[in-house]
Amino acid sequence: MASKSSEAAVSNEMGDLDGDSLIMHRTGRPGKIEIIASKPLVTQRDLALAYSPGVAAPCLEIEKDPSTAYDYTVRGNLVAVISNGTAVLGLGDIGALASKPVMEGKAVLFKRFADVDCIDLEVDTKDVDQFINCVRYLGPTFGGINLEDIKAPECFIIEQRLRELMDIPIFHDDQHGTAIVSAAGLINALHLTGRDIKDIKMVVNGAGAASIACIELVKAMGMPHENAILVDTKGVIYQGRTEGMNQWKSAHAVRTQARTLKEAMVGADVFFGLSVKGAVTKEMVKSMADKPIIFAMANPDPEITPEDVKSVRSDAIVATGRSDYANQINNVLGFPYIFRGALDVRATTINEPMKVAAAEALAALAREDVPDEVDRAYSGRRLRYGPEYVVPVPFDPRLIVEVSAAVAKAAMDSGVAKKQLDMVEYKRSLSGRLDPTSHWLQSLFEQVKANPQRIVFAEGEEERTIRAAVVYRDNGYGTPILIGREEQVRETMKSLGIANTAGMEIHNARLSTKNAPYTEMVYKRLQRDGYLRRDVQRMVNQGRNVFGACMVAAGDADGMVTGITRRFPECYTDVKRVINIDANKVAMGYSIIVARHGTVFLADTAINETPSAEQLATIAKQMAQNAKVMGHEARVAFTSFSNFGSREIERIDRIRKAIRILDSEEVDFEYDGEMQADMALDFGLLKSTYPFTRLTGPANVLVMPGLHSAHISSRLMQSLGGVTVIGPVIDGLAKPVQIVQMGATVSDLVNHAALAAYGALSRRRQ
């Protein structure tokens, strides 16, 4: 097990990302995945139904009809990601065990993007026959198998033989995932440049698994065999060549006089690179046909950068594998949704029509109008179909619907589906499969990155704060402003191995030239509340929260984050001395509870001890708007320990009055109450017990009757586990300030700093 000191050393030597990744992987339950039961297993009867003796019933049904395994078990939503670790990322042959973090990561992506359950299996052999013999007998367990990070040419043999031996989808993503996404980009690039796939001349550099899969798929889409030139490290693969050849390369040998990549590139319409950094020169790009299409997909650095291409060919369409350039060829656009569609129709394989359908669906999606929420997520780029946008972006929520449905339909049309679906109903079910909160959070970070903000980190001498500030800067979110004694801050940085302080600011409140005007500003606010000037001067000098809030109030910073050294009420009191509450709003804190089956918002979990009826109504309106911004259709429940008047006390009357206030205002969201929490979240129970309810589904916004119940509820959920709790997020202040909990991690600080930055952006837009 790695020690904390070794992790710190990695962090110092390799950068925060690597060190923090080590810490993340080992913190709490090691790794990234766990198995969670989907049925209750508490009582003796629960166990009797789930295991002996009740489990015999589904076993016997499956024995009679094997297809019912999809009805009685998880098989229909379960994929194995399997590797022997011989070609892991850019790390090469690091072995099966060392590949496990990558395979766990792939499992996480399956769940995150397509709600596919996934188990990683690392097979410790390089022998092709042994590997195949291991995997072939796993068919009864899984609905599909994703082969991953297996070197060529073994990967070709393994995939082909497993496809012959098994009746479930076998998909080597390194081959076909890259091929499908790059083919989608090619479809649109050809459309934009007025070309026909039957007429283009194409050069593919690299003869590994992905390269050969790319050339095969493009040929399946209509490009003539003789129009593609494949190049490896020894040069062009031409008919008659014997050196370094194998059957997969030989299948793509053509008659040509070209012997080098440079010669092959002359007059080429399209270049696909799946090789190494720097393989393509500007001179090669100059020699290509008009409006060249260049997909330089080597990772982490492309064969040629988009800047170098554009410096010699302004008419080029360029794609890479990197997220910091337009047109990212990213496998996550493909494999989650391909398996989603294949699993849902119980496909026996993933065939060429399904791959082509996936590519065409991706291409078609890029040509559609981009929804506002996707546009906002990638602000700084204009996401409109054109040379800078030929493939969708990874966090487009429409991907699961369009690509999965296209794959499922192709499977049915080509005769490899065991189950037929109503496509209209299927698309509807896909659209509700994923919780939109994750998309919104990604959108938030992308927007901040595209519009960097100056954020105060008030507790600037603390180690966690400094590390968070560095992450904030290094991720391109903006300028972190540390409040503290400069010598102490720099000493702590030195001990952490942080030498680069560029792009950061350090402000000593006592020595700042802003001290006098800030003191005057705060004194004007507090002079009639019993404060003398010297009291205020001391606050500004010694109170880092006060000084930081002054920076935000005066416009010298865009937002602020604090909280790891002082309790929330004390931090909030400091901030309130400087910053007003928004007109027509209630200052409150809300918590975002991200659970397995969706997101629930709790308010107010931080500020108002016993909200009045008017405050409760306003909180409901604010939370409905917050939920809407995050992609949810708000259904608000006013919670209590009674249901619709079953107990008469004053606190209940506040809730009823809040309901009447919303009734009079005719708001545009669903709301009801008072009701108990189980009623609010279990719509079946609510509807059967109280059929008159106004809600049309389970509540996703819970307006709590008081701070005690709200705070206890959010902390209980956080401590018991099984959910992710974000917050409390402060809403209702005139300026963006976020206060974390005292035990907050570096990631918590960065997230809340980004929330403050996003708040500043939102205010500017309004």
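Residues numbered from 1 in each chain as written. Predicted model: local features only at pLDDT ≥ 70, side-chain atom pairs only at ≥ 80, totals over all residues. Heavy atoms only, no water.

### Observations concerning the overall build of the chain
The helix and strand inventory of the chain stands at 32 helices and 21 strands. Computed over the C-alpha atoms, the radius of gyration of the chain is 29 Å, within 12% of the 27 Å expected from 2.2 N^0.38 for a compact globule of 766 residues. The buried share of the chain, taken over its 766 residues, is 53%. For the chain, contacts bridging at least 24 residues in sequence account for 70% of all contacts bridging at least 6. Only carbon and sulfur atoms are counted for the fraction: they give 52% of the accessible area of the chain, which is about 34,100 Å². (Helix = DSSP H or I, 4+ residues; strand = E, 2+ residues; numbered from the N terminus. Rg over C-alpha atoms; globule rule 2.2 N^0.38 Å. Buried < 20%, exposed > 50% of the residue type's maximum accessible area, 1.4 Å probe, protein only. Contact = heavy atoms within 4.5 Å. Areas by Shrake-Rupley, 256 points an atom, 1.4 Å probe, with all protein chains shown as cover.)

### As for the sheet that holds strand 12 (residues 478-483)
Read from one edge of the open sheet, five strands run 13-12-11-14-21, paired in parallel fashion. Of all strands in the sheet, those with a lone pairing partner are strand 13 (505-507) and strand 21 (737-739), marking the two edges. On average, adjacent strands in this sheet sit at an angle of 20° to one another, irrespective of strand direction. Note that strand 12 and strand 13 share three bridges and pair parallel. Looking at strand 13, one finds that L482 is bridged to I506. In the packing of helix 21 (residues 463-474) onto the sheet, the strands contacted are strand 11 (453-457) and strand 12, and the crossing angle to strand 12 comes to about 165°. Seen against the sheet, helix 25 (residues 544-553) touches strand 11, strand 12, strand 13 and strand 14 (559-562) and runs at an angle of roughly 165° to strand 14. (Pairing = 2+ DSSP bridges. Axes fitted to C-alpha atoms, helices over the stretch in contact; angles between N-to-C directions.)

### As for the side chain of Q738
Along the chain, Q738 turns up in strand 21. Given a relative accessible area of 4%, Q738 falls into the buried group. Residues in contact with Q738, not counting those within four places in the same chain, are M560, V561, T562, P728, V729, I730, H752, L755 and A756.

### A word on the packing of aromatic side chains
Overall, the coordinates contain 16 aromatic pairs when judged by the stated rule. With a centroid separation of 4.9 Å and an interplanar angle of 65°, the aromatic rings of F110 and F335 are classed as edge-to-face. Here the residue F110 occupies a position in helix 6 (residues 100-114), and F335 occupies one in helix 15 (residues 335-344), the gap between them amounting to 225 residues. Of the residues examined, F110 reaches a relative accessible area of 0% and is grouped as buried. A network of ring pairs unites the aromatic residues F110, F171, F335 and F339 as a single cluster. The ring of F113 carries the charged tip of R112 above its face, separated from the ring centre by 4.8 Å. (Phe/Tyr/Trp six-rings, centres within 6.5 Å; stacked < 30°, edge-to-face > 60°. Lys NZ or Arg CZ within 6 Å of the ring centre and 35° of its normal.)

### Let's talk about the pairing of strand 11
Most of strand 11 is tucked away, with four of its five residues classed as buried. Here five bridges tie strand 11 to strand 12, and the two strands are oriented parallel to one another. Bridge pairing in strand 12 links V456 to I481. In this region the chain leaves strand 11, passes through helix 21 and returns to the parallel neighbour strand 12; the handedness of that crossover is right-handed. (Right-handed = clockwise from strand over helix to strand, strands pointing away.)

### A short note on the nonpolar core
Ranked by size, the top nonpolar core spans 104 residues in total, and within it I145, L147, F272 and M354 carry the most contacts. Broken down by element, this core gets its largest block of residues, eleven residues, from helix 18 (residues 399-413). Setting aside anything within four residues of it in sequence, one finds I145 in contact with A80, I82, V135, M166, I168, P169, I170, F171 and F339. Judged by nonpolar contacts, the second largest core, of 63 residues, contains I455, V489, L662 and Y758. (Core = buried A, V, L, I, M, F, W, Y, C linked by side-chain atoms within 4.5 Å.)

### Here we look at the confidence of the model for the chain
Of all residues in the chain, 96% have pLDDT values of 70 or greater, and the mean over the chain is 91. With pLDDT under 50 throughout, residues 1-15 is counted as low confidence; its partners more than four residues away or in other chains account for 16 contacts. (pLDDT = per-residue confidence, 0-100.)

### Remarks on the sheet that holds strand 10 (residues 317-320)
The sheet built from six strands is open, its strands ordered 7-6-5-8-9-10 with mixed pairing. Of all the strands in the sheet, just strand 7 (235-236) and strand 10 have a single pairing partner and so form its edges. Bridging between strand 8 (residues 270-273) and strand 9 (residues 293-296) involves four bridges; their strand directions are parallel. Considered in strand 9, the bridge of F271 is made with I294.

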